[in-house]
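Residue-level listing of the chains:
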Amino acid sequence: MLTSRVQPCVNFASAVSSRTTDSMSNSLIESLKNLSKSDEKAEVSSQLKDLLKSIAKTGETSVPWSLLKPLMTRSLDQVFKEFYEKSPYTTEPDDSSDSFQAMRDHIINTFQRFQSAPFTLQRLCELITEPGKHYKKCDKFLRGVEKNVLVVTTVEPLTNGIAR
């Protein structure tokens, strides 16, 4: 008899949790849509930064790529600029590497071509959320990001399946 009384409470808690998750999900989707419409210099909200941290930690997202892509593009660009301010882009005298702006443009343009999320999505989010963890120099960081966008295999975030 006690079990039957507890069961409705469990169902109620699960229903409340489901509604809370739905409302958070709707709020997240709305934030992503608003980001796409906002000025390029607008700051990324803490809610969206938390989404990137979550993807960096778990590698999973239920957010459609069409909404995640503008967030990642803006975040990459902001991280590039912040990293450049802390550690200017340098090259060796005999190095034929491009300038910071050319390398930045190359990475952003390459990233923009993805029709689905690259399979390196989790690593890209790690680099966005903790850029100084493994890299101290801007040029090394940019090359690290470049390696993660020069991939051809993609995944479908909603199904976590690999697409080719």
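Residues numbered from 1 in each chain as written. Predicted model: local features only at pLDDT ≥ 70, side-chain atom pairs only at ≥ 80, totals over all residues. Heavy atoms only, no water.

1. Observations concerning the packing of aromatic side chains
1) Next: For the structure shown, the criterion picks out six aromatic pairs.
2) Next: Arranged with centres 5.7 Å apart and planes meeting at 65°, the rings of Trp 65 and Phe 111 form a pair that is edge-to-face. On the criterion of sequence distance, the pair formed by Trp 65 in helix H3 (residues 65-86) and Phe 111 in helix H4 (residues 100-112) is long-range, its members being 46 residues apart. By the burial criterion, Trp 65 is buried, and Phe 111 matches it.
3) Next: Between Tyr 135 and Phe 141, the aromatic rings sit 5.9 Å apart at their centres with planes inclined by 70°, giving edge-to-face as the arrangement.
4) Next: Relative accessible area serves as the criterion here: at 0%, Phe 141 is assigned to the buried category.
5) Next: An aromatic cluster is defined as three or more aromatic residues linked by ring pairs; in this entry it consists of Phe 80, Phe 83, Tyr 135 and Phe 141. (Phe/Tyr/Trp six-rings, centres within 6.5 Å; stacked < 30°, edge-to-face > 60°. Helix = DSSP H or I, 4+ residues; strand = E, 2+ residues; numbered from the N terminus. Buried < 20%, exposed > 50% of the residue type's maximum accessible area, 1.4 Å probe, protein only.)

2. Quick word on H4
1) Next: An ideal rise of 1.5 Å per residue puts 18 Å on 13 residues; H4 measures up with 18 Å between its terminal C-alpha atoms.
2) Next: Those residues of H4 that sit buried are Phe 100, Met 103, Arg 104, Ile 107, Ile 108, Thr 110 and Phe 111. Within H4, the buried residues cover an arc of 165° as seen down the axis, which keeps them to one side. (Expected span 1.5 Å × (residues − 1). Arc of directions from axis to C-beta.)

3. A few points about the packing of helix H5 (residues 121-129) against helix H6 (residues 138-149)
1) Next: With their axes 9 Å apart at the nearest point, H5 and H6 run at an angle of 160° to one another. Classed by the angle they form, the pair H5 and H6 counts as roughly antiparallel. When you trace H5 past H6, the crossing you get is left-handed. Contacts between H5 and H6 involve Arg 123, Leu 124 and Leu 127 from the first element and Phe 141, Gly 144, Val 145, Asn 148 and Val 149 from the second. (Axes fitted to C-alpha atoms, helices over the stretch in contact; angles between N-to-C directions. Parallel < 35°, antiparallel > 145°, perpendicular 65-115°, else oblique. Left-handed = near helix turned anticlockwise from the far one by under 90°. Contact = heavy atoms within 4.5 Å.)

4. Remarks on the environment of Lys 53
1) Next: Mapping Lys 53 onto the fold places it in helix H2 (residues 46-58).
2) Next: Each C-alpha atom, one on Lys 53 and one on Thr 129, is 6.2 Å from the other, the two residues being 76 residues apart in sequence.

5. What about the side chain of Thr 61?
1) Next: For Thr 61, the position within the fold is in the loop between H2 and H3.
2) Next: Classification of Thr 61 as buried rests on a relative accessible area of 9%.
3) Next: From its side chain, Thr 61 meets the backbone nitrogen of Val 63 in a polar contact 3.0 Å long. (Polar contact = N/O pair within 3.5 Å; in protein donor to acceptor, adjacent residues only side chain to side chain.)

6. A closer look at the confidence of the model for the protein chain
1) Next: Scored by pLDDT, the protein chain has a mean of 78; 74% of the residues are at 70 or more.
2) Next: The least confident element of the protein chain, judged by mean pLDDT, is strand S3 (residues 161-163) at 49; the most confident is H5 at 94.
3) Next: This stretch, residues 159-164, has a pLDDT under 50; its non-local contacts, to residues over four places away or in other chains, come to 11 contacts. (pLDDT = per-residue confidence, 0-100.)

7. A word on the pattern of salt bridges
Close approach of charged atoms lets side chains of opposite charge pair.
1) Next: Applying the stated rule across the entire model yields five salt bridges.
2) Next: Residue Arg 104 is joined to Asp 105 by a salt bridge in which the shortest nitrogen-to-oxygen separation is 2.2 Å.
3) Next: We classify Arg 104 as buried; its relative accessible area is 14%.
4) Next: A salt bridge links Arg 123 to Glu 126; the nearest nitrogen and oxygen atoms lie 3.1 Å apart. You can see Arg 123 and its partner Glu 126 sitting in helix H5, three residues apart, about one turn around the helix.
5) Next: For Arg 123, a relative accessible area of 26% corresponds to the partly exposed category.
6) Next: Look at the salt bridges and you will find they share partners, linking Asp 77, Lys 81, Arg 104 and Asp 105 into a network. (Salt bridge = Lys/Arg side-chain N within 4 Å of Asp/Glu carboxyl O.)

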